[in-house]
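# Chains, contacts and geometry: an overview
Read off the chains here:
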Amino acid sequence: MENSNEEHKSLNFIEQIIEEDLAGGFSANQLKFRFPPEPNGYLHIGHAKAFCLNFGLGEKYNAPVNLRFDDTNPSKEEQEFVDNIKYDLAWMGFKWAEECYSSDYFQQLYDWAVLMIKKGKAYVDSQSSEDMAKQKGTPTTTGTNSPFRDRMVEENLDLFNRMKQGKFKEGEHVLRAKIDMAHTNMLMRDPIMYRVMHKHHHRTGNDWCVYPMYDWTHGESDYIEQISHSLCSLEFKAHRELYDWFLDQVYDKKQIRPKQREFSRLNLNYTVMSKRKLMQLVEENMVNGWDDPRMPTISGLRRRGYTPAAIRDFIDKAGVSKRDQMIDVALLESCIRTDLNKSTYRMMAVLHPLKLVITNYLEGKTELVSAENNPEDESAGHREIIFSKEIFIEKDDFLEECPNKIFKLGIGKEVRLKNGYIIKGEEAIKDANGNVVEVRCTYDEKSKSGSGTEESKRKVQGTLHWVSASHNITAQVNVYNRLFTVEAPDSDKEVDFKTLINKDSLSVLKDCKMELALKDAKPSERYQFQRIGYFCVDKDSTTECLIFNRTVTLKEGW
RNA sequence: UGCCCGAUGGUGUAACUGGCAACACGUCUGUUUUUGGUACAGAAGAGUCUAGGUUCGAGCCCUAGUCGGGCAACCA
């Protein structure tokens, strides 16, 4: 059918590059992408931009996307991180074509390096890193050649071989590409390709005593896997020149030549995104682990109650470009509200209970009231809730002298109890300090919700959620707020970001009263607590003590 | 001081390759509502960093400047 109103979704600049390549004759079935995390930390919302982009492109063009662990530095990398990264990606709903490891290519990389030595394109340098740093020059001054730069091929071959055999100590020798010590791009000044490391590798064990550097490894790995478009963040822009140079050393024109392109990384306000800083928060116990619901990690967001759909929607709305982006966390929150609004059951839970006694309600009487499970979804049906003479309402929903325009219960003021009756405040019982500890009220017997009576249709200012005082469960609620007090905790290098942590980022409420229907709630289930927000059952929850994490508040009015 | 990127409402992203600056989030109004939620209707808010130039016409092209970011790990 002709669709003249078809929404023309504009392409981001990466998609435009791909479209241009396609228009220029590149075959669509040669398109191939990759997501290349280093297994030295947990995935966070910033990585989500990269993996949603790559896997999203794979879905859009029906092209394979490899998951490649960039594991060239055994001193920082661990199997634990590999496992968690895979778990997160699978949870997000992404399917990789192949699970690859840069370490799978160590032999090929080594062989190529030997070839480069033979062609006079690489040499073994035997200086200290300090000396090499001095010779590197600065962005404005050229570097100087290493005294070992013109070693004989045979000597280079011999040394490199013995480096591999483990005959040297760490730091004694490195293999360098022979490019140009006067290059304006510092990365081109004879970059290091291999260093000696006597470390156990999570996959290759103790097979290797030399490990390749990122620049030498990444592009060649892309080439080996025949990746068509190698997408990375902006800080690698300057590396592109080296990426291409290394590729030139091994490139065969019959093969696909990978193309590196760079986009800006995603920042979220009121949090930090660097792996190093997140690691610090974990190690110094400022949070309870990588999956603490306050962390911007995928595992933290998951535990907080975020859904894959909401995260993907967020990344989609954030877009892809080449300028620094600091995205308002309100956008993330809007995405999860939109998703949860249509899917979650509405429940009644009182976080700060205040006892309310209906003086004219029969002692010992109970009745069932009907509640809609989800007004956004007719098929979700209804459930019944026990109503009784004594109930709990939210402390904050009672204001002794309450003006009519405020939607709360007051003395002499009427409100509706959700799904129940209209009540009128009569008396506030206080303790010695003047705190209200109980409220007495009367109810209008004819005002029962859904009864159809004139009285039930009365308009009152305010509808309160409630829980029967003798028919409820007590549960714990973790109320989470932003982890930092300022929008950009890491913007000022003079200020330690840890001093900017929000002291109220977590409050644990242990005496919350919830309706009986929540009794069998299971970990990771999500609910809306009416008038409060969205909550997710925590994984540490037990049948004896349910724990709910607040995902996000409802959009706050007034 | 060198090189490389970038600059569009508060935030983010568009503007079909030069033709009245749009969308989302946020903000504010109103309507509906047994959630101060949702839904719906509407409003405010940028004249596209600055100055020149090319052009009938520039957010898009050119030049210079300004501002922001990146680049000198045996990290990735």
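Residues numbered from 1 in each chain as written. Chains lettered and ligands numbered in written order. Predicted model: local features only at pLDDT ≥ 70, side-chain atom pairs only at ≥ 80, totals over all residues. Heavy atoms only, no water.

Take the protein's contact with RNA strand B next. Around RNA strand B there are 58 residues in total, and Ala318, Ser321, Arg323, Arg346 and Ser449 lie nearest to it. The protein-proximal atoms of RNA strand B, defined as those within 4 Å of the protein, are 61% sugar or phosphate. Lys418 places a polar side-chain atom, nitrogen or oxygen, 2.9 Å from a sugar or linking oxygen of RNA strand B. The separation between a base oxygen of RNA strand B and a polar main-chain atom of Arg531 is 2.9 Å. Those elements that provide at least two residues to the surface near RNA strand B are α5 (129-135), β6 (192-196), α11 (308-318), β11 (325-327) and α12 (329-343). Of the residues forming the surface near RNA strand B, the biggest block, four residues, is contributed by α12. Residues of the surface near RNA strand B, tallied by class, amount to 20 nonpolar, 20 polar and 18 charged. (Near = heavy atom within 4 Å. Polar contact = N/O pair within 3.5 Å; in protein donor to acceptor, adjacent residues only side chain to side chain. Helix = DSSP H or I, 4+ residues; strand = E, 2+ residues; numbered from the N terminus. Nonpolar A, V, L, I, M, F, W, Y, C, P; charged D, E, K, R; others polar.)

The way to describe two aromatic rings as a pair is by their centre distance and the angle between their planes. Taken as a whole, this structure holds 25 aromatic pairs when the rule is applied. With a centroid separation of 5.0 Å and 15° between ring planes, the pair formed by Phe55 and Phe94 is classed as stacked. A residue pair is termed long-range when its members are at least 10 positions apart, and Phe55 in helix α2 (residues 45-61) and Phe94 in the loop between α3 (79-91) and β3 (99-101) qualify at 39 residues. Centroid distance Phe529 to Phe548: 5.2 Å. Interplanar angle 65°. Geometry classified as edge-to-face. Placement of Phe529 in strand β25 (residues 526-529) and of Phe548 in strand β27 (residues 547-553) is noted, with a sequence separation of 19 residues between them. Judged by its relative accessible area of 0%, Phe529 falls in the buried class. Here the aromatic cluster, defined as three or more aromatic residues joined through ring pairs, consists of Phe106, Tyr110, Phe160, Tyr194, Trp208 and Tyr211. Over the face of the ring belonging to Phe497 we find Lys277, whose NZ or CZ atom lies 5.7 Å from the ring centre. (Phe/Tyr/Trp six-rings, centres within 6.5 Å; stacked < 30°, edge-to-face > 60°. Buried < 20%, exposed > 50% of the residue type's maximum accessible area, 1.4 Å probe, protein only. Lys NZ or Arg CZ within 6 Å of the ring centre and 35° of its normal.)

This next bit is on the sheet that holds strand β1 (residues 33-35). Reading across the sheet, the three strands line up as β1-β2-β3 and stay open at both edges, with parallel pairing between neighbours. This sheet does not close on itself; its edge strands, each paired only once, are β1 and β3. The mean inter-strand angle of the sheet, taken between neighbouring strand axes irrespective of direction, is 35°. Where β1 and strand β2 (residues 65-69) come together, three bridges link them in parallel fashion. Its bridge partner being in β2, Phe33 is matched across the sheet by Val65. (Pairing = 2+ DSSP bridges. Axes fitted to C-alpha atoms, helices over the stretch in contact; angles between N-to-C directions.)

Here the focus is the pattern of salt bridges. With the rule as written, the count across this model stands at 41 salt bridges. Glu99 is the salt-bridge partner of Lys86, the closest N and O atoms lying 3.1 Å from each other. Of this pair, Lys86 sits in helix α3 while Glu99 sits in strand β3, and the two are 13 residues apart along the sequence. Note on Glu99: relative accessible area 32%, which makes it partly exposed. Between Arg302 and Asp88 there is a salt bridge, with the nearest N and O atoms lying 2.9 Å from each other. Highlighted residues: Arg302 in helix α10 (residues 298-304) and Asp88 in helix α3, separated in sequence by 214 residues. What makes Arg302 buried here is its relative accessible area of 18%. (Salt bridge = Lys/Arg side-chain N within 4 Å of Asp/Glu carboxyl O.)

So, about helix α8 (residues 240-250). Summarising burial for α8: eight of the 11 residues are buried, a large majority. Looking only at α8, the buried set comprises Arg240, Leu242, Tyr243, Trp245, Phe246, Leu247, Gln249 and Val250. Close packing links the buried residues of α8 with α4 (106-118), β5 (174-177), β6, α7 (214-225), β8 (229-233) and β9 (259-263). (Contact = heavy atoms within 4.5 Å.)

Our focus in this paragraph is the domain arrangement of chain A. Split by domain assignment, chain A resolves into domain 1 (24-263), domain 2 (268-345 + 476-553) and domain 3 (349-465). Placing a centre on the C-alpha atoms of domain 2 and another on those of domain 3 gives a separation of 31 Å. On the side of domain 3, 20 residues touch domain 2, which itself brings 19 residues to the contact. Together domain 2 and domain 3 conceal approximately 1,600 Å² of surface at their shared face, both sides included; 55% is due to carbon and sulfur atoms. (Domains from an automatic or database assignment. Buried area = accessible area lost by both parts, 1.4 Å probe.)

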